Amino acid sequence: MSRIPFEQLPVDVRRAVTDKSGAVHRAVTVQGGMNSGIASVLETNSGRVFVKGIPADHPQVGAQRREAAVASHLPASCPRLYWHLELDGWSLLGYEVVDGRHADYTPGSPDLPLVEAALTELQGITVPADIEIKDAADRWESYAPPGALQHFSGNTLLHTDFAPDNVLIVGKRARLVDWAWPTRGAAWIDPGALALRLMDVGHPGKSAVAFAGRFPSWRDAEPEALAAFGTATAALWREIAAEDRTPWKRRMAEQAATLGHILAEGL
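Residues numbered from 1 in each chain as written. Predicted model: local features only at pLDDT ≥ 70, side-chain atom pairs only at ≥ 80, totals over all residues. Heavy atoms only, no water.

Asks: If you had to explain the pairing of strand 10 (residues 173-176) to someone new, which residues and values would you point to?
Replies: Here four bridges tie strand 9 (residues 167-170) to strand 10, and the two strands are oriented antiparallel to one another. Residue pairing for strand 10: I169 is matched across the bridge by A174. Counting the residues that bridge the hairpin from strand 9 to strand 10 gives two residues, and of these G171 lies at a positive phi of roughly 65°. (Pairing = 2+ DSSP bridges. Helix = DSSP H or I, 4+ residues; strand = E, 2+ residues; numbered from the N terminus.)

And the structure:
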């Protein structure tokens with residue numbers, strides 16, 4: 001998605017932002033990420049605010065609305081959402097600014113215990129019934145083995161995308177960002193999603209699965225459930241790689257297939 005500076009937003013949108021945060025003295029466009037039409041850090045009368053947004057008619061606007069819906073229920077490890085605006089053709093989120101670096105997932109990294117602590121905190125969060133987000137059984141319906149979808153059901157709030165870019169290290173704390181895919185489901189799904197990302201940066205498959213085993217939800221899950229997750233994850237990434245032959249997606253598909261084999265061995 002092409003990105004524009006804050007100053008190019010419609011006048012009414014910029015005025016609404018100032019109504020929320022105070023006069024804007026400086027706006028700096030953030031270069032990272034690909035899924036926002038605007039991503040800027042604003043210096044305002046009330047302090048710094050990170051503004052991200054997309055056109056209201058963009059296909060991904062639903063994901064941004066999901067972010068806003070779950071924001072008040074997220075643990076302290078996640079940046080605080082100050083406001084959500086939709087007007088004049090734009091959907092904007094105003095977040096707490098988090099000055100950090102992307103997590104290092106490589107074997108032996110000192111960031112790994114921090115990531116573990118952040119996910120442990122998240123594992124204790126359940127999804128209120130009135131929050132409209134997708135169920136894990138629906139998300140994996142096309143990929144899980146027949147009769148296995150019941151294993152994915154639950155009430156835990158899941159992040160599901162533990163790419164290192166979505167975890168910022170700030171001091172001695174890991175903070176989870178980019179909640180485009182919040183999901184209601186079984187708590188063990190997130191440790192499994194993290195295990196796949198660990199494999200992608202060099203962890204042997206069995207070591208990555210052992211890391212997932214640090215979480216009680218994974219340890220207590222039935223072998224059939226974990227095997228179903230492995231099968232579904234492999235099928236999902238196989239489809240992604242077939243549609244887009246980008247090298248990193250092909251690599252993820254290979255790692256997902258390996259994870260599927262490892263988890264099937266546990267049956």
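Further notes follow.
Asks: So, the sheet that holds strand 3 (residues 47-55): which residues are in play, and what are the values?
Replies: Spatially, 1-2-3-5-4 is the arrangement adopted by the five strands of the open sheet, whose pairing is antiparallel. Because the sheet does not close on itself, it has two edges, and the strands there are strand 1 (24-29) and strand 4 (81-87). The mean angle between the axes of side-by-side strands here comes to 25°, regardless of whether they run parallel or antiparallel. Pairing of strand 4 with strand 5 (residues 90-96) involves six bridges; the strand directions are antiparallel. Each residue of the ladder has a partner; that of L87, found in strand 5, is W90. The sheet contacts of helix 1 (residues 11-21) involve strand 1, strand 2 (38-44), strand 3, strand 4 and strand 5, and relative to strand 4 the element is tilted by about 155°. Contacting strand 3, strand 4 and strand 5, helix 2 (residues 61-70) crosses the sheet at an angle of about 35° to strand 5. (Axes fitted to C-alpha atoms, helices over the stretch in contact; angles between N-to-C directions. Contact = heavy atoms within 4.5 Å.)

Asks: Please give an account of the pattern of salt bridges that cites residues and values.
Replies: Two side chains that carry opposite charge are able to pair once their charged atoms sit near each other. Counting across every chain of the model gives 11 salt bridges. With a closest N to O distance of 3.3 Å, R197 and D161 form a salt bridge. Here R197 is found in helix 5 (residues 189-200), whereas its partner D161 is found in the loop between strand 8 (156-158) and strand 9, with 36 residues between them in sequence. Residue classification places D161 among the partly exposed positions, given a relative accessible area of 24%. (Salt bridge = Lys/Arg side-chain N within 4 Å of Asp/Glu carboxyl O. Buried < 20%, exposed > 50% of the residue type's maximum accessible area, 1.4 Å probe, protein only.)

Asks: Please give an account of the sheet that holds strand 9 that cites residues and values.
Replies: The three strands are arranged 6-9-10 in an open sheet whose pairing can be described as antiparallel. Looking at strand neighbours, the two that pair on one side only are strand 6 (101-102) and strand 10, the edges of this open sheet. Bridging between strand 6 and strand 9 involves two bridges; their strand directions are antiparallel. Counted as the bridge partner of H102 is L168 from strand 9. Taken strand by strand, helix 3 (residues 112-123) contacts strand 9 and strand 10, and its axis lies near 50° from that of strand 10.

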